[in-house]
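Each chain, written out:
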Amino acid sequence: MTIPQAPERPVQFTAHGETRTDNYYWLRDDTRSDPQVIQYLTDENRYTQQKLQSAEPLREALYEEMVARMPQADESAPYSYNGYVYRTRFEAGKEYPLYERRKIISGQWEVLADGNERAQGLAYYELVSLAVSADNRRIAIAEDKVGRREYQVAYRDLTDNHWQESVLTEVADDLVWSADGSVLFYVRQDPQTLLPFEVYRHRFGTDTTQDELVYREDDDRFYTGLSLSSSREWIFIGCHSPVTSEVQLINANDPLQPPVCFSPRQDGREYHVDHLDGQFYIRSDHENELFGLYQTNAPENPWQTLIAPQPDTDLEDFTLFRDWLVLQERHAALPQIRIIHRQSGKETQVAFDDGAYCAWLGLNPEPDSQLLRYGYTSMTTPASVYELDMVSGERTLLKQAQVNGFQRDNYHSERIWITARDGVQVPVSLVWHKDHYQQGFNPLLIEGYGAYGASMDPDFDANRLSLLDRGFVYAQAHIRGGGELGKRWYNAGKMQHKINSFNDFVDVTRELIARRYGAENRIYATGGSAGGLLMGAVINQAPELYRGIVTQVPFVDALTTMSDPSIPLTTGEYDEWGNPENESAYRDIRAYSPYDNIEAKAYPNMLVTSGLHDSQVQYWEPAKWVAKLRKLKTDDNLLLLYTDMEAGHGGKSGRFNYLWDVALGYVFLLMVDEQQAS
């Protein structure tokens with residue numbers, strides 16, 4: 001087997017008095033058609049397949065057991081909205097769901113869209129949004145047929161089955177109808193950067209060349225999206241960066257009127273709006289680093305405080321009912337759901353069953369209801385949908401994901417806190433199979449993310465059982481940069497503080513070894529996208545800690561990408577990573593960018609996966625990273641790159657098909673660990 005070697009073709013970049021040489025910049029091909037680039041990626045894929053060939057039977061076995069845990073046919077918990085009951089249903093053995101509805105009072109289920117039918121002949125398919133007009137006569141869907149998050153919109157009148165295909169192209173996935181169903185609002189993307197920035201209105205039945213521009217966002221740090229208020233009276237145009245937001249209002253009953261700004265943007269202030277019964281409700285951080293909830297009856301009037309920001313509790317979300325206000329909050333790294341009766345002021349806290357868990361507000365589209373729907377899961381509890389009667393307090397389990405062969409009592413989960421090098425307490429969630437756990441002897445897989453204020457909560461993953469049942473201990477490191485401890489936790493792991501994310505992960509690893517949750521020579525780590533940047537920075541800092549790394553679509557060429565505004569999503573990320581045109585931001589990113597900090601030293605065994613059509617992390621980032629690692633690393637450990645030539649950021653599409661990606665990562669870990677154990 002010949003190890004692929006990418007030719008070196010030096011390109012130099014000069015900024016702030018420094019010149020960097022990039023020997024592998026030639027691997028960037030925006031057209032994804034350069035024969036030399038395609039050949040190199042193909043060679044890497046072939047090498048990966050050859051090195052893993054002996055483990056292919058195990059990969060097939062892993063795939064089969066993951067499929068066997070799933071019900072062949074399945075459906076979601078139905079919900080009611082605007083006179084109809086909706087559900088998503090999988091037929092036995094099919095990759096994609098059917099989207100269906102029936103009248104609430106009576107009636108047969110009708111198919112709104114059949115994903116299997118629409119995916120025919122496509123290597124990748126995802127139906128990402130479905131919008132039914134308020135008069136229940138029309139439907140519009142946004143579809144991704146490449147994996148690059150460049151969406152196409154099809155629609156039809158629900159009185160017939162004829163789809164008008166690809167009516168709109170190069171659009172985002174947000175679709176909102178006017179109240180009378182005559183106008184469809186959508187967001188157009190920049191064809192180069194894929195930044196959603198223009199809102200248009202399309203009058204049903206007219207040519208798209210007649211569509212009218214409603215709003216244009218000229219600041220390329222901001223993403224633009226659409227949503228509908230709980231009252232269904234207002235369409236919101238949301239413009240947001242990681243730290244600043246602004247909302248424009250469109251009257252859903254008068255869709256031809258120009259939008260009105262709810263509250264002009266202020267740098268560093270985020271706010272999110274909903275509306276019900278003549279009142280606007282605003283979740284905002286204008287008074288504090290943590291969010292509070294406010295109310296006003298008109299955009300021009302002062303905001304009244306409903307829920308003041310609390311010192312150690314962050315307001316993550318809220319849902320409006322006519323008689324209740326429901327809050328999703330986060331305290332001590334765990335979500336909480338609080339119910340407030342509007343008239344009496346009586347408060348109720350939803351009780352949860354595990355010490356560490358994940359909970360969230362579900363879909364509650366009918367404000368007149370007294371039934372609250374919410375989701376719940378833990379590392380030993382499959383994803384569940386509950387309905388709580390807010391009058392009686394009675395809780396009903398509507399659906400729990402079926403996991404064939406799973407016995408909850410066989411597994412143990414716990415939450416611990418680990419002290420980082422600067423004294424900060426970092427939460428860690430762990431799970432293992434009781435029968436296979438021997439303190440200090442098990443292989444340990446640690447996962448991290450730590451970016452965008454996104455919380456990586458302790459959830460259930462049926463696929464993960466394939467590792468736990470083979471003796472792995474699994475840990476989630478809830479490092480700074482995520483949202484597990486609120487916005488302060490996020491701010492402490494971004495921009496100039498990003499080093500905290502990497503230090504946290506390394507410190508968690510060392511302490512887990514010291515507490516003997518895993519064998520010192522059997523430690524593995526994984527992370528994807530921004531979690532891939534974490535992996536790259538961690539192995540530059542402390543490669544000796546890890547036997548192996550699995551990283552998916554890793555964001556590893558941070559400095560070059562953030563210096564190039566032509567790359568999709570770059571400008572919208574300035575408030576997350578910094579703009580390298582600013583020298584201090586350049587120095588910060590330069591200090592940790594994984595690609596720029598590779599050294600001639602030993603690195604762990606590594607499996608790196610990517611998607612040719614990825615719009616979030618361009619395929620050339622992991623390709624360049626692997627090429628440079630091959631040149632400089634001093635060890636004989638495995639370094640494998642696999643690029644899916646037909647997928648994007650999320651990997652393969654389809655209910656079963658994506659399991660091959662999961663099995664690939666697992667078989668690598670098991671193969672490397674078997675070699676170590678022997």
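Predicted, not measured: the structure shown is a model, and the values here were computed from it.

Engineer: Quick one: what's the story with the UniProt feature "domain: Peptidase S9A N-terminal" (unreviewed entry) in the chain, residue by residue and with numbers?
Structural biologist: The residues that UniProt annotates with the feature "domain: Peptidase S9A N-terminal" (unreviewed entry) are residues 9-400. Taken end to end, residues 9-400 comprises 9% helix and 47% strand; its first and last C-alpha atoms sit 54 Å apart.

Engineer: Describe the environment of Ser263, with residues and values.
Structural biologist: When you line up the elements, Ser263 lands in the loop between strand S18 (260-261) and strand S19 (271-276). The sequence separation of Ser263 and Leu249 amounts to 14 residues, and the corresponding C-alpha distance is 10.0 Å. With near-sequence residues (within four places) excluded, Ser263 lies in contact with Glu246, Val247, Arg269, Tyr271 and Trp303.

Engineer: I'd like a rundown of helix H1 (residues 35-51), residues and numbers included.
Structural biologist: For H1, spanning 17 residues, the distance from its first C-alpha to its last is 24 Å, which sits close to the expected 24 Å at 1.5 Å a residue. Among all positions of H1, only Val37, Tyr40, Leu41, Glu44, Asn45, Tyr47 and Thr48 are buried. When H1 is viewed along its axis, its buried side chains cluster within an angular range of 160° and face the same direction. Its side-chain oxygen at 2.8 Å from the backbone nitrogen of Gln36, Asp34 defines the N-terminal cap of H1.

Engineer: I'd like to hear about the pairing of strand S36 (residues 548-552), residue by residue, with values.
Structural biologist: Most of S36 is tucked away: four of the five residues are buried. Bridge analysis of strand S35 (residues 523-528) against S36 gives five bridges, and the strand direction is parallel. The residue bridging Gly527 from the neighbouring strand is Thr551, located in S36. Since S35 and S36 lie parallel, the crossover through helix H7 (residues 530-541) that links them has a hand, and here it is right-handed.

Engineer: Before we move on, can you summarise the UniProt feature "domain: Peptidase S9 prolyl oligopeptidase catalytic" (unreviewed entry) in the chain with the specific residues and values?
Structural biologist: UniProt records the feature "domain: Peptidase S9 prolyl oligopeptidase catalytic" (unreviewed entry) at residues 459-660, using the numbering of this structure. Note that residues 459-660 is 35% helix and 14% strand, and that its end C-alpha atoms are spaced 21 Å apart.

The rules behind the values
- Residues numbered from 1 in each chain as written.
- Predicted model: local features only at pLDDT ≥ 70, side-chain atom pairs only at ≥ 80, totals over all residues.
- Heavy atoms only, no water.
- UniProt positions renumbered as here; feature names shortened; annotations may be inferred.
- Helix = DSSP H or I, 4+ residues; strand = E, 2+ residues; numbered from the N terminus.
- Contact = heavy atoms within 4.5 Å.
- Expected span 1.5 Å × (residues − 1).
- Buried < 20%, exposed > 50% of the residue type's maximum accessible area, 1.4 Å probe, protein only.
- Arc of directions from axis to C-beta.
- Polar contact = N/O pair within 3.5 Å; in protein donor to acceptor, adjacent residues only side chain to side chain.
- Pairing = 2+ DSSP bridges.
- Right-handed = clockwise from strand over helix to strand, strands pointing away.

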